[in-house]
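The chain contents come next:
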Amino acid sequence: MGDTRRWFWLGGVALLFAFIYLLHPILTPFLVALLLAYLFDPVVDRLEKLGLSRTWGVVTVFALFTLIVVALLLVLIPMLAKQLLRLYELAPQMLDWLQHSAVPWVQSKLGLSDGFWKFDKVKAAISEHMGQTTDIVGVVLSQATASSLALIGWLANLVLIPVVAFYLLRDWDLMMAKIRSLLPRHREERIMTLTGECHEVLGAFVRGQLLVMVALGFIYAAGLMLVGLELGLLIGLIAGLAAIVPYMGFVIGIGAALIAGLFQFGGDLYPMVGIVAVFMVGQALEGMVLTPLLVGDRIGLHPVAVIFAILAGGELFGFTGILLALPVAAVIMVLVRHMHDLYKDSDIYSGAEDPDL
């Protein structure tokens, strides 16, 4: 009976992976909607406690979220477009600097041959591509409209996300209650304990780290723009997104900002010190204020586990795998921790099975 049950569960897991693999092209809007419902469920629960019905609580949350997103898009998109165009214009100068300053310095230090990097071919290829058009928006539009069916499908998915998220969020508590009612009665307590720990990990990482990323992106972008860096908004937002892994946003952001500062300020001391100060302040705020306040002392995912999970999920299932990577990693981490505790309490670890050993 035990072997049959074990094979039944293994078959169920295999079918689940096969289902995800076969349907992953259409799963993205549903997973994004599920993520939004998970993120906003605590907010709707609080609104219910204040006297609003579940439906009106969801409507209120969606209305506020939509207003915030629209306002950010109206402000950020024009600014980002200008900075992307500026980056587009600076690319040849950056290549010249790499070819005539940075690469010769590295070659002299490492003893490499002059033609090792083949930068002439790289620069020629990029310059040829850039010479085809000076309108980056035109490039994006031409690619987006290359296939009308793909564009229609993308728009349909974009519209589908809020619709699915609305219904999931409205019925979230009912769905959780129904799922719990289907659990085996003698295993319910253990399963709910494991589920609660997975929720703690995901809550600490998804909700907490997401807020940390947003805050750091704002701090870095605002600070770099105050310093006067032309690409400050773009670099700040990229650094905030990279902060999904601790310290990665700091490393990527300060490296890109210093390189951009060299081109804009010509190595002038004060702006470069200002760039470094922005990232030092951001890093200090993250460690002393943002992470303790927004994430707390709840157990999160190890940075190496985050990197591996995202890369593995993307390799196996594309963007759908990236969305599934962190929840799956959180569940695996919780299960591994419980297996570790069971092993430490077992006779195998203590040696009670064979006292002669």
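Conventions we followed
- Residues numbered from 1 in each chain as written.
- Predicted model: local features only at pLDDT ≥ 70, side-chain atom pairs only at ≥ 80, totals over all residues.
- Heavy atoms only, no water.
- 1 Å grid on protein atoms, 1.4 Å probe; cavity = no way out; pocket = protein on both sides within 12 Å on 5 of 7 lines; lining within 4 Å.
- Points joined across faces, edges and corners; volume = space filled by probe spheres on them.
- Helix = DSSP H or I, 4+ residues; strand = E, 2+ residues; numbered from the N terminus.
- Nonpolar A, V, L, I, M, F, W, Y, C, P; charged D, E, K, R; others polar.
- Axes fitted to C-alpha atoms, helices over the stretch in contact; angles between N-to-C directions.
- Parallel < 35°, antiparallel > 145°, perpendicular 65-115°, else oblique.
- Left-handed = near helix turned anticlockwise from the far one by under 90°.
- Contact = heavy atoms within 4.5 Å.
- UniProt positions renumbered as here; feature names shortened; annotations may be inferred.
- Salt bridge = Lys/Arg side-chain N within 4 Å of Asp/Glu carboxyl O.
- Buried < 20%, exposed > 50% of the residue type's maximum accessible area, 1.4 Å probe, protein only.
- Phe/Tyr/Trp six-rings, centres within 6.5 Å; stacked < 30°, edge-to-face > 60°.
- Patch = residues over 30% accessible without salt bridge, like charges linked within 9 Å, V, L, I, M, F, W, Y side chains within 5 Å.
- Areas by Shrake-Rupley, 256 points an atom, 1.4 Å probe, with all protein chains shown as cover.

### Comments concerning the layout of surface pockets
Piece 1. Its boundaries defined by the atoms lining it, the second largest pocket holds a volume of some 360 Å³.
Piece 2. What lines the second largest pocket is a set of 15 residues, and nearest its centre among them are Leu39, Pro42, Val43, Arg207 and Leu211.
Piece 3. In terms of residue count, helix α7 (residues 188–227) provides more of the lining of the second largest pocket than any other element does, eight residues in total.
Piece 4. Of the residues contributing to the lining of the second largest pocket, the split by class is eight nonpolar, three polar and four charged.

### Some details on the packing of helix α8 (residues 232–242) against helix α9 (residues 248–265)
Piece 1. As a packed pair, α8 and α9 sit with axes 7 Å apart at the nearest point and diverge in direction by 160°. Between α8 and α9, the crossing angle belongs to the class labelled roughly antiparallel. The handedness of the crossing between α8 and α9 is right-handed. Where α8 abuts α9, its residues Ile235, Ile238, Ala239 and Ala242 lie against Met248, Gly249, Ile252, Gly253, Ala256, Ala257 and Ala260.

### Examining the UniProt feature "transmembrane region" (unreviewed entry) in the protein chain
Piece 1. The UniProt record annotates "transmembrane region" (unreviewed entry) at residues 7–40, 55–77, 149–169, 210–227, 234–263, 269–295 and 307–336.
Piece 2. Across residues 234–263 one finds 83% helix and 0% strand; the C-alpha atoms that close the span lie 16 Å apart.
Piece 3. Between the C-alpha atoms that bound residues 307–336 there is a distance of 18 Å. The span itself is 100% helix and 0% strand.

### Looking at the pattern of salt bridges
Piece 1. A full pass over the atoms with the stated rule returns eight salt bridges.
Piece 2. Among the salt bridges present, the one from Glu48 reaches Arg54, with a minimum N-O distance of 3.0 Å.
Piece 3. Assessed through its relative accessible area of 10%, Arg54 is described here as buried.
Piece 4. One salt bridge connects Arg180 with Glu188, and the closest N-O pair in it is separated by 2.8 Å.
Piece 5. On the accessibility criterion, Arg180 (40% relative accessible area) is partly exposed.

### Observations regarding the packing of α7 against helix α11 (residues 303–344)
Piece 1. The contact between α7 and α11 brings their axes to 9 Å, and the two run at 130°. With respect to their mutual orientation, α7 and α11 come out oblique. Every pair of crossing elements has a handedness; the one defined by α7 and α11 is right-handed. Counting all contacts with α7, which are made through Leu194, Glu197, Cys198, Val201, Leu202 and Phe205, the residues of α11 involved are Val306, Leu326, Pro327, Ala330, Val331, Met333, Val334, Leu335, Arg337 and His338.
Piece 2. Along the lines of polarity and charge, the residues of the contact of α7 with α11 split into 13 nonpolar, one polar and two charged.

### Some remarks on the packing of aromatic side chains
Piece 1. Under the criterion given, the structure shown has six aromatic pairs.
Piece 2. Note on Tyr38 and Trp172: the rings are 6.4 Å apart at their centroids and 55° apart in plane angle, and the pair reads as tilted. Of this pair, Tyr38 sits in helix α1 (residues 2–49) while Trp172 sits in helix α6 (residues 172–181), placing them 134 residues apart in sequence. Like Tyr38, the residue Trp172 is buried in the burial classification.
Piece 3. Note on Phe40 and Phe65: the rings are 5.1 Å apart at their centroids and 65° apart in plane angle, and the pair reads as edge-to-face. Residue Phe40 is found in helix α1, and its partner Phe65 is found in helix α2 (residues 54–110); the two are separated by 25 residues along the sequence.

### Some words on a nonpolar patch on the surface
Piece 1. A surface patch of nonpolar side chains, amounting to about 620 Å² of accessible area, comprises Leu16, Phe19, Tyr21, Leu22, Leu23 and Ile26.
Piece 2. Mapped onto the elements, Leu16 comes out in helix α1.
Piece 3. Looking at Leu16, the relative accessible area reads 48%, which means it is partly exposed.

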